[in-house]
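Breakdown of the fold
Here's the letter readout for the chains.
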Amino acid sequence: VGTQNFKSDETIFLMEAVGPPQSENMGWARIGSNQSGSPTTNLNNSLSWESNNPTNKKDVFRPTETSSIQYFLIPKFFAEQKLAGRRKKGVRDGWEALVSDGDEGTTWELEFTSGELCYISNPVVHSQIRCDLFGKLTLSAVSQGWEVFRFIEVGFGNVAISSWTHTHKFLSSDPDGQVFTSENRLGHWEKWRLEKTEKGVHIISVAHPGRYLTIGPNEKEPLMTSTKPNDFSIWHFEPAHENVYY
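Residues numbered from 1 in each chain as written. Predicted model: local features only at pLDDT ≥ 70, side-chain atom pairs only at ≥ 80, totals over all residues. Heavy atoms only, no water.

Let us now look at the nonpolar core. Ranked by size, the top nonpolar core spans 17 residues in total, and within it Ile-120, Ile-129, Leu-137, Ile-161, Leu-213, Leu-223 and Trp-235 carry the most contacts. With sequence-adjacent residues up to four places away left out, Ile-129 is seen in contact with Ile-120, Leu-137, Thr-138, Leu-139, Trp-146, Glu-147, Phe-149, Leu-213, Leu-223 and Trp-235. (Core = buried A, V, L, I, M, F, W, Y, C linked by side-chain atoms within 4.5 Å. Buried < 20%, exposed > 50% of the residue type's maximum accessible area, 1.4 Å probe, protein only. Contact = heavy atoms within 4.5 Å.)

Below is the structure:
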């Protein structure tokens with residue numbers, strides 16, 4: 001695989017969604033791990049090679065809101081082949097990408113790192129959500145870097161919400177209404193749906209339908225999800241692109 005003019009047709013790949021069946025009690029699958037559960041080596045910041053790829057038709061599935069999506073990357077001019085990753089001979093911990101006729105190493109995970117940068121504020125308490133270095137969520141009256149969040153589209157009209165300065169921290173919630181951050185960017189608990197209202201926007205959990213992101217009861221629990229949305233469940237988004245943080 002060589003580099004070409006970005007506009008060349010030879011750089012165009014088609015994405016075909018594939019993946020292993022999901023168990024009934026698991027709404028997500030961590031991709032890019034070997035049989036022992038250890039993560040595989042990244043080829044770059046956006047692609048991970050998955051060695052446990054489907055090899056027959058019964059393993060192919062149609063992605064849903066509760067399943068993580070893996071892809072075959074098929075070159076436009078070589079429709080019978082797929083982009084694959086393999087160990088590079090003679091290089092310790094080395095990997096290389098190539099076009100292959102086989103199935104080994106041809107399943108890829110795509111990580112989308114684009115998305116709108118916003119402050120998430122509640123008009124009642126006049127505060128923004130803040131995520132610190134350790135992923136702890138609080139409410140803040142200032143608008144600095146730790147208050148900026150990135151909204152990343154994850155399909156089906158849903159978004160993942162990550163801290164801008166701590167990019168591996170994602171807004172998450174559990175069935176009991178607790179809100180926290182996790183590093184499981186492919187998780188179902190980390191998916192949210194935005195719903196416009198007359199006063200602002202509702203942020204609704206995808207994994208726990210009917211639960212709305214809401215201001216919590218005290219400083220120890222600044223955020224929660226509730227089944228009874230009110231003014232504390234209304235959020236305003238302010239663009240964060242124009243600020244200078246450093």
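We are not done yet, so read on.
What follows covers the side chain of Asp-132. Summarising the element assignment, Asp-132 is placed in the loop between β8 (127–131) and β9 (137–140). Buried Asp-132, no salt bridge; nearest opposite-charge side chain is Arg-130, N-O distance 5.2 Å. Discounting residues that sit within four places of it in the chain, Asp-132 has contacts with Trp-146 and His-166. (Helix = DSSP H or I, 4+ residues; strand = E, 2+ residues; numbered from the N terminus. Lys, Arg positive; Asp, Glu negative; His and termini not counted. Salt bridge = Lys/Arg side-chain N within 4 Å of Asp/Glu carboxyl O.)

A few words now on the pattern of salt bridges. The full count for this structure, using the stated rule, is 4 salt bridges. Between Asp-231 and Lys-199 there is a salt bridge whose closest N-O contact spans 3.2 Å. In this pair, Asp-231 is assigned in the loop between β17 (221–226) and β18 (236–239) and Lys-199 in the loop between β14 (191–196) and β15 (201–205), connecting sequence segments 32 residues apart. When its relative accessible area of 40% is taken as the criterion, Asp-231 is described as partly exposed.

Following the criterion strictly, the structure yields 1 aromatic pair and no others. Summarising the aromatic geometry, the rings of Phe-151 and Phe-237 are spaced 4.9 Å apart at their centres and angled 55 degrees between planes, so their arrangement reads as tilted. On the criterion of sequence distance, the pair formed by Phe-151 in strand β10 (residues 148–155) and Phe-237 in strand β18 is long-range, its members being 86 residues apart. Classification of Phe-151 by relative accessible area gives buried; the value is 8%. (Phe/Tyr/Trp six-rings, centres within 6.5 Å; stacked < 30°, edge-to-face > 60°.)

Note on placement: Gln-128 falls in strand β8. As for Gln-128 and Trp-146, which are separated by 18 residues in sequence, their C-alpha atoms are 9.8 Å apart. Discounting chain neighbours no more than four positions away, the residues touching Gln-128 are Tyr-119, Ile-120, Ser-121, Thr-138, Leu-139, Ser-140, Ala-141, Val-142, Ser-143 and Glu-147. Looking at Gln-128, its side chain comes within polar contact range of the side chain of Ser-143, at 3.5 Å. (Polar contact = N/O pair within 3.5 Å; in protein donor to acceptor, adjacent residues only side chain to side chain.)

What follows concerns a nonpolar patch on the surface. A contiguous nonpolar surface patch, about 360 Å² in accessible area, is contributed by Leu-133, Phe-134 and Trp-146. Relative to the helices and strands, Leu-133 resides in the loop between β8 and β9. (Patch = residues over 30% accessible without salt bridge, like charges linked within 9 Å, V, L, I, M, F, W, Y side chains within 5 Å. Areas by Shrake-Rupley, 256 points an atom, 1.4 Å probe, with all protein chains shown as cover.)

On to the environment of Ser-140, then. Following the sequence through the fold, Ser-140 ends up in strand β9. On the accessibility criterion, Ser-140 (9% relative accessible area) is buried. Sequence separation of Ser-140 and Val-125 is 15 residues, and the distance between their C-alpha atoms is 9.8 Å. Not counting residues up to four positions away in its chain, the partners in contact with Ser-140 are Ser-127, Gln-128, Arg-130 and Glu-147. There is a polar contact of 3.1 Å between the side chain of Ser-140 and the backbone nitrogen of Val-142. Within the structure, Ser-140 has its side chain in polar contact with the side chain of Glu-147 (distance 3.0 Å).

Of the residues in the chain, 70% have a pLDDT of 70 or more, and the chain-wide mean is 76. This stretch, residues 1–6, has a pLDDT under 50; its non-local contacts, to residues over four places away or in other chains, come to 8 contacts. Every residue in residues 20–67 is under pLDDT 50, and counting partners more than four places away or in other chains gives 100 contacts. (pLDDT = per-residue confidence, 0-100.)

So, about the side chain of Glu-190. Position of Glu-190 among the secondary structure elements: in the loop between β13 (179–182) and β14. For Glu-190, the side chain forms a polar contact with the side chain of Ser-182, separated by 2.7 Å. Setting aside residues no more than four positions away along its own chain, Glu-190 makes contact with Val-159, Ala-160, Ile-161, Phe-170, Leu-171, Ser-172, Ser-182 and Asn-184.

Examined bridge by bridge, strand β11 (residues 158–163) and β14 share 2 bridges and lie antiparallel to one another. Bridge pairing in β14 links Val-159 to Trp-192. Pairing between β14 and β15: 5 bridges, direction antiparallel. Note that in β15 the partner of Glu-195 across the bridge is His-202. Here β14 hands over to β15 after 4 residues, the two strands then running antiparallel side by side. (Pairing = 2+ DSSP bridges.)

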